[in-house]
Amino acid sequence: MEDCIFCKIIAGDIPSSKVYEDEYVYAFRDINPIAPVHVLIVPKQHISCADEITPENSFIVSKIFEAIPKIAKAEGLDNGYNVLNNCGEAGGQTVMHLHFHLLGGIDLMGLVQKQ
Ligand code: AMP
Ligand code: ZN
């Protein structure tokens, strides 16, 4: 996908700090971490956001969630972690290539606004 920064990272055209790769999945450190461990996990296939997941491509999400425990273990997150997906403008998505944030070492739910 032209002009997609994550497609360029997957292709090796933009450098990244890779932590995991398989046939379907690529994972690298977030350039602006908000937690002691902050890894982005992305499908190699360009899917713009969660709204674009279909019966035909949803197996890739399974591949991502199969990779997540391996990455978490390699990162030493033995006591747990958070997985976050931002979808769309109101969801705070800034890069329109589906990605999941793997966050370790922060109290994410403590950030949630109390009603
Ligand atoms: P989101 O707001 O969910 O779309 O998250 C996009 C994330 O991509 C942000 O946390 C950015 O810090 C991160 N990011 C943007 N460009 C790069 C890059 N070149 N390498 C690593 N992470 C990046
Ligand atoms: Zn892309």
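Here, every reference points to the structure presented above.
Rules used in this analysis
Residues numbered from 1 in each chain as written. Chains lettered and ligands numbered in written order. Predicted model: local features only at pLDDT ≥ 70, side-chain atom pairs only at ≥ 80, totals over all residues. Heavy atoms only, no water. Helix = DSSP H or I, 4+ residues; strand = E, 2+ residues; numbered from the N terminus. Buried < 20%, exposed > 50% of the residue type's maximum accessible area, 1.4 Å probe, protein only. Polar contact = N/O pair within 3.5 Å; in protein donor to acceptor, adjacent residues only side chain to side chain. Contact = heavy atoms within 4.5 Å. Donors = N, O, S within 2.8 Å, 3.2 Å for Na, K, Ca; no water. Tetrahedral: all angles 85-135°; square planar, octahedral: opposite > 155°, others 65-115°.

## Focus on the side chain of Gln 93
- In this fold, Gln 93 is placed in the loop between strand E4 (82–84) and strand E5 (100–104).
- For Gln 93, a relative accessible area of 9% translates into the label buried.
- A distance of 3.0 Å separates a polar side-chain atom of Gln 93 from the backbone oxygen of Ser 48.
- One polar contact links the side chain of Gln 93 to the main-chain amide nitrogen of Gly 88, over a distance of 2.9 Å.
- Apart from residues lying up to four places away in sequence, Gln 93 is in contact with Ser 48, Cys 49, Asn 86, Cys 87, Gly 88 and His 99.

## Examining the environment of Leu 108
- Following the sequence through the fold, Leu 108 ends up in the segment after E5.
- Accessibility expressed as a relative area gives 17% for Leu 108, which makes it buried.

## Focus on the coordination of the zinc ion (ligand 2)
- Coordination of the zinc ion (ligand 2) by the protein comes from Cys 4 (SG), Cys 7 (SG), His 46 (ND1) and His 97 (ND1), over a distance range of 2.0 to 2.3 Å.
- For the zinc ion (ligand 2), the four donor atoms in the first shell make angles of 105 to 116 degrees at the metal, so the coordination geometry reads as tetrahedral.
- When the donors of the zinc ion (ligand 2) are listed by position in the chain, the intervening gaps give C-x2-C-x38-H-x50-H. Of this pair, Cys 7 sits in helix H1 (residues 5–11) while His 46 sits in the loop between strand E3 (37–43) and helix H2 (59–74), placing them 39 residues apart in sequence.
- For Cys 7, a relative accessible area of 14% corresponds to the buried category.
- The class for His 46 is partly exposed, based on a relative accessible area of 23%.

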